[in-house]
Amino acid sequence: MTQRPDRRSPPPSGMAAPRYAPGPDGRALDLVDLAGRVCGRYYEDFPDEDARYGEVGRAWCQHDNQHLLNWTALAAEGLVDLDHEVAWLARVLDRRDFPLDRLARNLELGSEVVRDEVPDSATLSAALDQACAMVRARSFPPEHA
């Protein structure tokens, strides 16, 4: 029996996901392309996502990964706390009954894509690996006031 798409979640709205971020080699990272590669690998690992979420799920995958990759790049510049941002996202997804083990796998895939596609990416991939470990441990830093 095919599961019907979960239509409770509207498509991404509000502030658009960032399209570019500073890269470790001084050139801009194309977040749209990188996030698309992460989502491609994610949907290979979890083909049931289409049955559950439909096209809305793919839109959120792209949107969230653009943000995740942007936060990672900004964290490498010392501008944001990646663990704080990922913990916030994990709490949001958890409230929506999204399986956090899939968020963790998504972060692993992001690390792989960055290693494969971005020159001098050791710092970025290590940050994504650390965020993945945090999600797997379910130890989210408290939200700042």
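Note that residues are indexed from 1 along each chain, following the sequence as it is written. Residue-level local features of this predicted model are given only where pLDDT is at least 70; pairs of side-chain atoms are given and counted only at 80 or more, and the full residue set underlies all totals for whole chains, interfaces and linings. Computation of side-chain values: all heavy atoms of the structure, hydrogens and water removed.

Q: Explain the packing of aromatic side chains to me, please; I cannot follow it from the model alone.
A: Pairs of aromatic rings are described using the distance from one ring centre to the other and the angle between the two planes. A pair of aromatic rings is counted whenever rings of Phe, Tyr or Trp (Trp by its six-membered ring) have centres within 6.5 Å, and the orientation is called stacked for planes under 30 degrees apart, edge-to-face for over 60 and tilted otherwise. Following the criterion strictly, the structure yields four aromatic pairs and no others. One residue, Arg 58, lies across the ring of Tyr 43, its end atom 3.9 Å from the ring centre. Placement of a positive charge over a ring is assigned whenever Lys NZ or Arg CZ falls within 6 Å of the ring centre and within 35 degrees of the normal to the ring plane. The ring of Trp 60 has Arg 96 sitting right over it, with the charged end atom 5.7 Å from the ring centre.

Q: Teacher, can you tell me more about helix α5 (residues 122–137) here?
A: Think of an α-helix as turning once every 3.6 residues; residues three or four places apart then point the same way. Across its 16 residues, α5 extends 22 Å between first and last C-alpha, which sits within 8% of the 22 Å expected from 1.5 Å per residue. Buried residues of α5: Leu 124, Ser 125, Leu 128, Ala 131, Cys 132, Met 134 and Val 135, and no others. Tucked inside the fold, the buried residues of α5 contact β2 (28–30), α2 (48–76), α3 (82–95) and α4 (100–117). Looking at the residues trailing α5, positive phi occurs at Arg 138, about 50°. Runs of H or I in DSSP of at least four residues are treated as helices and runs of E of at least two as strands, each being numbered from the N terminus. Helix span, as expected, comes to 1.5 Å for every residue beyond the first. Any residue under 20% of the maximum accessible area for its type is buried, any over 50% is exposed, and the rest in between are partly exposed; the area is computed with a 1.4 Å probe on protein chains only. The criterion used for residue contact is that any of the two residues' heavy atoms lie within 4.5 Å.

Q: Even after reading the chapter, I still don't get the state of the cysteines, so can you show me in this structure?
A: Here, the word disulfide means a covalent bond between the sulfur atoms of two cysteines. Working definition: a disulfide is two cysteine sulfur atoms within 2.5 Å of each other. Under the criterion given, the structure shown has one disulfide. Covalent S-S linkage joins Cys 39 and Cys 61, the inter-sulfur distance amounting to 2.4 Å. Torsion about the S-S bond of the Cys 39 and Cys 61 cystine: about -115°, corresponding to left-handed handedness. Taken as a pair, Cys 39 in helix α1 (residues 31–45) and Cys 61 in helix α2 lie far apart in primary sequence, 22 residues in all.

Q: Before we go on, may I ask you to explain the nonpolar core in this structure?
A: The nonpolar side chains of a soluble globular protein tend to be buried, and buried together. If you look at the biggest cluster of nonpolar residues, it comprises 37 residues, and the most contacted ones within it are Leu 29, Tyr 42, Leu 69, Val 86, Leu 103, Leu 107 and Val 135. Elements supplying a minimum of two residues to this core: α1, α2, α3, α4 and α5. Residues grouped as a nonpolar core are buried Ala, Val, Leu, Ile, Met, Phe, Trp, Tyr and Cys residues, joined through side-chain atoms within 4.5 Å.

Q: Explain empty space enclosed by the protein here, please?
A: Unfilled space is identified by rolling a water-sized probe across the atoms. Cavities and pockets are found on a 1 Å grid laid over the protein atoms alone: a cavity is a set of points where a 1.4 Å probe fits but cannot escape, a pocket is an open set with protein on both sides within 12 Å along at least five of seven lines, and a lining residue has an atom within 4 Å of such a point. Grid points are joined across faces, edges and corners, and a volume is the space filled by probe spheres set on the points. Enumeration according to the criterion identifies one cavity of 30 Å³ or more in this entry. Taken as a whole, the largest cavity spans an internal volume of roughly 30 Å³. Lining the largest cavity are Leu 29, Leu 34, Leu 69, Thr 72, Ala 73, Val 114 and Leu 124. A per-element tally of the lining of the largest cavity places α2 first, with three residues. Three classes are used, and their members are as follows: Ala, Val, Leu, Ile, Met, Phe, Trp, Tyr, Cys and Pro are nonpolar, Asp, Glu, Lys and Arg are charged, and the others, Gly among them, are polar. Tallied by class, the residues present in the lining of the largest cavity amount to six nonpolar, one polar and no charged.

Q: When you look at the packing of α2 against α4 in this model, what are you seeing that I'm missing?
A: For any two helices packed against each other, one specifies the inter-axial angle together with the distance between the axes. Comment: axis = line fitted to C-alpha atoms, over the contacting stretch for helices; angle = value between 0 and 180 degrees taken between N-to-C directions. It is at 12 Å that the axes of α2 and α4 come closest, and there the two elements cross at 55°. Here α4 runs oblique to α2, going by the angle between their axes. In the packing of α2 onto α4, the handedness of the crossing is right-handed. On the side of α2, the interface is formed by Asp 48, Glu 49, Asn 65, Leu 68 and Leu 69, while α4 contributes Arg 102, Asn 106, Leu 107 and Val 114. Angles are sorted into four bins: roughly parallel if under 35 degrees, roughly antiparallel if over 145, roughly perpendicular if 65 to 115, and oblique for all others. Here a crossing is taken to be left-handed if its near helix is turned anticlockwise relative to the far helix by less than a right angle, and right-handed if that turn runs clockwise.

Q: What is the right way to read α1 from this model?
A: Between its first and last C-alpha atoms α1 spans 21 Å; for 15 residues at 1.5 Å apiece the expected length is 21 Å, and the two agree. By the burial criterion, the buried members of α1 are Leu 31, Leu 34, Ala 35, Val 38, Cys 39, Tyr 42 and Tyr 43. With its buried residues spanning 170° around the axis, α1 presents them on a single face. Elements in contact with the buried residues of α1: β1 (20–22), β2, α2 and α4. This arc describes the spread of directions from the helix axis toward the C-beta atoms.

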